[in-house]
Amino acid sequence: MNAGRRIGFGGPLLSPAEGVAGAAEARARGGAAAAACVSAAAGTAAGGGPGSGAGSGGRGPLSLSRASLMSLAAKAPLSLEILRPLKDLTSFRIGGPAALFARPRDLGELAAALAFARAEGIPHFILGGGANVLFDDQGLSGLVIRLSGKFRETRILDGDPASGEGAGRIHAGAGARLADVAALARRCGRIGFAALKGIPGTVGGALVMNAGAYGTEIGDRAAAVEILGREGGPGPQEGAPASGLAGAARVPRRRIRFFARGSDLEGRGTVLGAELLLGEEAPAEEILRAERETLLARRARLPQEPSAGSFFRNPEGQAAGRLIEECGLKGERVGLAQVSPRHANVIVNLGGATSADVRALADKVRGEVARLRGIELVPEVRVVSCRGEVLP
Ligand SMILES: Cc1cc2nc3c(=O)[nH]c(=O)nc-3n(C[C@H](O)[C@H](O)[C@H](O)COP(=O)(O)OP(=O)(O)OC[C@H]3O[C@@H](n4cnc5c(N)ncnc54)[C@H](O)[C@@H]3O)c2cc1C
């Protein structure tokens, strides 16, 4: 392993090993910006959070200026942007800059990006559509990777590839939008994605989060998922992926645990793509009607302000939104973050909310629901520390 390298934005950061005790010291010596970052990392180290679905292995410590980030980027085997604002890449419109940002177009570029991060000892985070993440105000002191190019493609695996007739199975790259899959399913005369219409984000993010609505979850539609192991290598081989991507593992559905708004794909590596089943055949008008009904229902329910959708998972047998509402928290605010008056399980950005605002509000909601109802709410939104770790 390399000597630890730490990327910071104007102040020294701590490695997890330095722990919570070091946070106070860092606040004193590094200023508020660094301290916020430190406390997030220290919290994770102490709390043993679930870890990023994409994995983060960076250890730290080096504070890098723009110039040194540029020279680090110049060493990379693919084109990297520096200091890319994460707020522009998320539905919440919140988050500081990513030190480094890559958009690999194929498996070779992705493997090169991961190998580069590993060799430099910096954390990485795989970002999908950014519809379910809350980044830190300090940004992410590592490499953020968003799949592009070939990873955005969809293709019919059976039936007529041109018209879609008779097709019931497709391959979708992890970077393809869920909306593109829904459109392709409709073109193939299948109704299986109509209930997912309108869910923002990519196929990769949807699989990791087991995105769903109105009784349909993407996990039920997955025949197999292709993964690149955490270390950038092939991972446990389960068979050749339909994409033909060398070095990737094709994991059949039976080897994946999907649960309500989550899956054990989180932490297993980078999702590259999936074979998806398009569901039952149906007449075009019926599919269109089902899609329209879904969209109308969503529009009536969901707030218009920037958000990441439902903030908390529903506890067993309960609706998080109802619990929050019953605790009198609808409309509650911290700074410019608000519990939506329209849907109590959605925290909205009223314009200029910080990550700290949202987290303080979420803590308040969790605290009140625990105090008044004895129920511990668990975030569905992936709250990401400045070191790329998903916080509990
Ligand atoms: C207005 C609104 C409405 C919403 N409605 C719904 C809804 O009805 N139902 C629902 O389930 N969700 C809903 N969501 C949440 C969100 O759309 C889903 O969770 C979606 O699946 C997230 O996909 P994404 O590509 O944006 O993932 P991101 O938010 O980018 O990432 C989510 C997690 O997946 C990981 N990840 C992403 N891509 C990969 C990959 N290729 N490999 C490994 N890990 C990866 C990330 O590291 C992160 O941990 C809503 C969000 C918004 C903003």
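Conventions and cut-offs
- Residues numbered from 1 in each chain as written.
- Predicted model: local features only at pLDDT ≥ 70, side-chain atom pairs only at ≥ 80, totals over all residues.
- Helix = DSSP H or I, 4+ residues; strand = E, 2+ residues; numbered from the N terminus.
- Buried ≥ 20, exposed ≤ 12 C-beta atoms within 10 Å, placed from the backbone.
- Contact = placed C-beta atoms within 7 Å.
- Near = placed C-beta within 6 Å.
- Nonpolar A, V, L, I, M, F, W, Y, C, P; charged D, E, K, R; others polar.
- Domains from an automatic or database assignment.
- pLDDT = per-residue confidence, 0-100.
- Pairing = 2+ DSSP bridges.
- Axes fitted to C-alpha atoms, helices over the stretch in contact; angles between N-to-C directions.
- Expected span 1.5 Å × (residues − 1).
- Arc of directions from axis to C-beta.
- Core = buried A, V, L, I, M, F, W, Y, C linked by C-beta atoms within 7 Å.

(A) Quick peek at the overall build of the protein. Tallying secondary structure elements over the protein gives eight helices and 18 strands in all. Split into buried and exposed, the 392 residues of the protein put 51% on the buried side. Of all intrachain contacts in the protein linking residues separated by at least 6 positions in sequence, the fraction that spans at least 24 positions is 68%.

(B) Examining the site of the ligand more closely. Near the ligand there are 36 residues, and of these G128, G201, G204, G205 and G309 occur at the shortest range. In terms of residue class, the shell around the ligand is built from 19 nonpolar, 15 polar and two charged. No fewer than three residues from each of domain 1 (16-149) and domain 2 (150-286) sit in the shell around the ligand.

(C) The arrangement of the confidence of the model for the protein in detail. Per-chain confidence: the protein averages 84 in pLDDT, with 79% of residues scoring 70 or above. Ignoring residues within four places in sequence, the model shows residues 1-62, a span with pLDDT below 50, making 148 contacts including any to other chains.

(D) Representation of the sheet that holds strand β3 (residues 124-127) in the model. In space, the four strands of this open sheet follow the order β1-β2-β5-β3, with mixed pairing throughout. Lying at the two open borders of the sheet, with one neighbouring strand each, are β1 (80-85) and β3. In this sheet, adjacent strand axes meet at a mean angle of 35° when their direction is disregarded. The pairing of β1 with strand β2 (residues 97-102) spans five bridges and is antiparallel. Across the sheet, residue L80 finds its bridge partner in β2, namely A102. Sitting on the sheet, helix α3 (residues 107-120) touches β2, β3 and β5 (140-146), and the angle it makes with β5 is about 165°.

(E) Examining helix α6 (residues 284-301) more closely. Here α6 spans 26 Å end to end across 18 residues, near enough to the 26 Å set by a 1.5 Å rise per residue. All of the buried residues along α6 are I287, E291 and T294. End-on view of α6: buried residues confined to an arc of 60°, all on one side of the axis. Residues of α6 that are exposed and point over 90 degrees away from its buried face: E285, R292, L296, R299 and A300. On its buried side, α6 packs onto α4 (178-187).

(F) Molecular detail of the environment of S263. You can see S263 is positioned in strand β13 (residues 262-263). Separated by 57 residues in sequence, S263 and A206 have C-alpha atoms that sit 9.8 Å apart. Setting aside its immediate chain neighbours within four residues, S263 contacts L207, V208, N210, G219, I256, R257 and F258.

(G) Structural detail: α3. Here α3 is 14 residues long and its end C-alpha atoms lie 20 Å apart, about the 20 Å a rise of 1.5 Å per residue gives. Buried within α3 we find L107, E109, L110, A111, A113, L114, F116 and A117. Contacts made by the buried residues of α3 are with β2, β3, β5, β10 (222-229) and β14 (269-277). Positive phi shows up at G121, right after α3, with a value of about 70°.

(H) Representation of the sheet that holds strand β15 (residues 333-334) in the model. Taken in spatial order, the three strands make up an open sheet running β15-β16-β17, and their pairing is antiparallel. Of all the strands in the sheet, just β15 and β17 (347-349) have a single pairing partner and so form its edges. Judged from the three bridges that link them, strand β16 (residues 337-339) and β17 form a sheet pairing that is antiparallel. Directly across from Q338, in β17, lies its bridge partner V348. Docked against the sheet, helix α8 (residues 355-373) engages β15, β16 and β17, running at close to 30° with respect to β16.

(I) The nonpolar core, seen in detail. Counting 97 residues, the largest nonpolar core has L134, V181 and L207 as its most contacted members. Ranked by residues supplied to this core, first place goes to α3 with seven residues. Contacts of V181, omitting those with residues within four sequence positions, involve T154, A172, A176, F193, V203 and L276.

(J) Unusual backbone geometry, seen in detail. Although it is not a glycine, R93 adopts a positive phi angle of roughly 60°. Checked against the element boundaries, R93 lands in the loop between β1 and β2. One non-glycine residue with positive phi stands out, namely Y214, at about 50°. Structurally, Y214 is set in the loop between β8 (212-213) and β9 (216-217).

(K) Structural context of the environment of E389. In this fold, E389 is placed in the segment after β18 (382-383). According to the C-beta neighbour criterion, E389 is buried, with 26 such atoms within 10 Å. Along the backbone, E389 and H124 are 265 residues apart, and their C-alpha atoms lie at a distance of 9.0 Å.

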